[in-house]
Amino acid sequence: LYNKVYGKPPSESSCTVCFALRIATRPFFIELQVGAGVGSTNPAEMVPLAVNKTLVIILVAADNLGQRAYIYLEENPGAPSGSSMTPSERVAYNGQQFQGDAYRRTFTFTPSVSQIGTISTVCFVAQNENDMQSSKRCYFLDVRAAVVQWRSRLITQDGTEAEPEGPDIVMSATMGCDYTFTIEATAQLYNVDLNLQTKPECSSCVEGGIAVRNCGSATNVSLSVADEEACCGNGKCDGAEMGLTCPQDCPGSADQLTHQLSLEQTQTGVSANGFKSKALLRWRPTSGMEGRTVLLCVGAHAINQGETEAIVQTRTANNAPSLCYVITVERCAFCVQYGASFKSVSETLLFNQHWLRLYNSNPALLRPDHINATQRLAIGPIYKVASGDTILAISGMAKTTVKAILANNPDVHDASGLMPGAHLCLPLCSSPQI
């Protein structure tokens, strides 16, 4: 060392010289500490990742002799597609671990839809000019899909909310009544939009499942023979269809459909609100649905994060890709709209027969001139078809017409195919001869 410093060996006349030696050690990663402002991302603070949300890992390393610290990504296991690293930059560090120059690189990773369900490991080392290496610093990259949790509440007539349900809701409804539901969809890590599905299906809502499908197309639900025949495009508004889901079989103008069914999203889920999206669903069953069970589903899609591909498709008691309502619309009943009278209702539902026919079917209503809006009224009694019955014989017995029976039982498409045990709404004494 003396020779290296002075260029010659020491002699008897040489003065005693002391050297302070600093022993080289391995470079190290600097931890982020309060007040330091510079440091590495803590591997223990890693959280699950969502599609198209960029992860940033900051890496800061130093050498105790002040040498340059080179930060490298380990080739094994390497890095997943969608990742990159910035060039090295020198930064000043004044903290508890070290004081002086440090070196920083930033690793970024943006997951894609194809990486959902994968867990990758990326490891980094720092190396100084003496080829000494730090310990490995590894991070786990856990890319997850959106698991959507649903809650829906029916707003009752007095403005209160019923107990929450979801994601499979089975209920009954009455033609002409207005139904309003609040909807909440929570999908951690994902910003979710809500939309009405035009071809809904639900495998767990009822036994065997229920769906609206185009004729000739496949579905993920195992349908019965009758449900297979009730497809969109067969010219009949049957099965679980309605105007939104099958406009060619269940026609109606755009204004009518919007008035009968609407979804208003009031909040989009983001990190600040716990990724909770909210909406209001308004629906009014219309003529033509009586006696049928219809399917209405609200779906979720991740905004710029893989859309529906990022949503877990499995249905459980709390989580599902969609919130579905399986609604049986009762026959032979309706809700009075604002401004309606017995006369106007009779003209609409009973083919211009006298309003007294309708009044006689609602004996609990004392004043025919005083009908409250939203009041539920009966059109007539419900008859259970017996073996050997024909629709002509039933119409004669009820003093009505075949046309009136078919109009009030829109699920009966074939008058000659009445099945024993089926139910019919009978508008009693509505024959023109009476």
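Everything below is about the structure printed above this text.
Residues numbered from 1 in each chain as written. Predicted model: local features only at pLDDT ≥ 70, side-chain atom pairs only at ≥ 80, totals over all residues. Heavy atoms only, no water.

Colleague: What is the right way to read the sheet that holds strand β9 (residues 149–155) from this model?
Modeller: Each strand in a sheet pairs with another by means of backbone hydrogen bonds, the pair being arranged parallel or else antiparallel. On the basis of which strands lie adjacent, the open sheet formed by four strands has the order β9-β11-β16-β15 and antiparallel pairing. Each having just a single partner strand, β9 and β15 (261–267) make up the two edges of the open sheet. Taking each pair of neighbouring strands and ignoring which way they run, the sheet shows an average axis angle of 20°. Bridge analysis of strand β11 (residues 179–186) against strand β16 (residues 276–283) gives eight bridges, and the strand direction is antiparallel. Residue pairing in the sheet places Y179 in a bridge with W283 of β16. (Pairing = 2+ DSSP bridges. Helix = DSSP H or I, 4+ residues; strand = E, 2+ residues; numbered from the N terminus. Axes fitted to C-alpha atoms, helices over the stretch in contact; angles between N-to-C directions.)

Colleague: What exactly am I supposed to notice about a nonpolar patch on the surface here?
Modeller: The grouping of V5, Y6 and V17 at the surface amounts to a nonpolar patch, some 250 Å² of accessible area in total. You can see V17 is positioned in the loop between α1 (2–6) and β1 (28–29). Take V17: its relative accessible area is 31%, and that puts it in the partly exposed class. (Patch = residues over 30% accessible without salt bridge, like charges linked within 9 Å, V, L, I, M, F, W, Y side chains within 5 Å. Areas by Shrake-Rupley, 256 points an atom, 1.4 Å probe, with all protein chains shown as cover. Salt bridge = Lys/Arg side-chain N within 4 Å of Asp/Glu carboxyl O. Buried < 20%, exposed > 50% of the residue type's maximum accessible area, 1.4 Å probe, protein only.)

Colleague: Explanation requested: the pairing of strand β2 (residues 55–62) in the structure shown.
Modeller: Working note: regular strand, side chains alternate between the two faces of the sheet. Most of β2 sits inside the fold, with six of its eight residues counted as buried. In the sheet, β1 pairs with β2 via two bridges, with the strands oriented antiparallel. Within the sheet, the bridge partner assigned to F28 lies in β2 and is A62. Where β2 meets strand β6 (residues 99–109), seven bridges bridge the pair, whose relative direction is antiparallel. Bridge pairing links I57 to F107 in β6.

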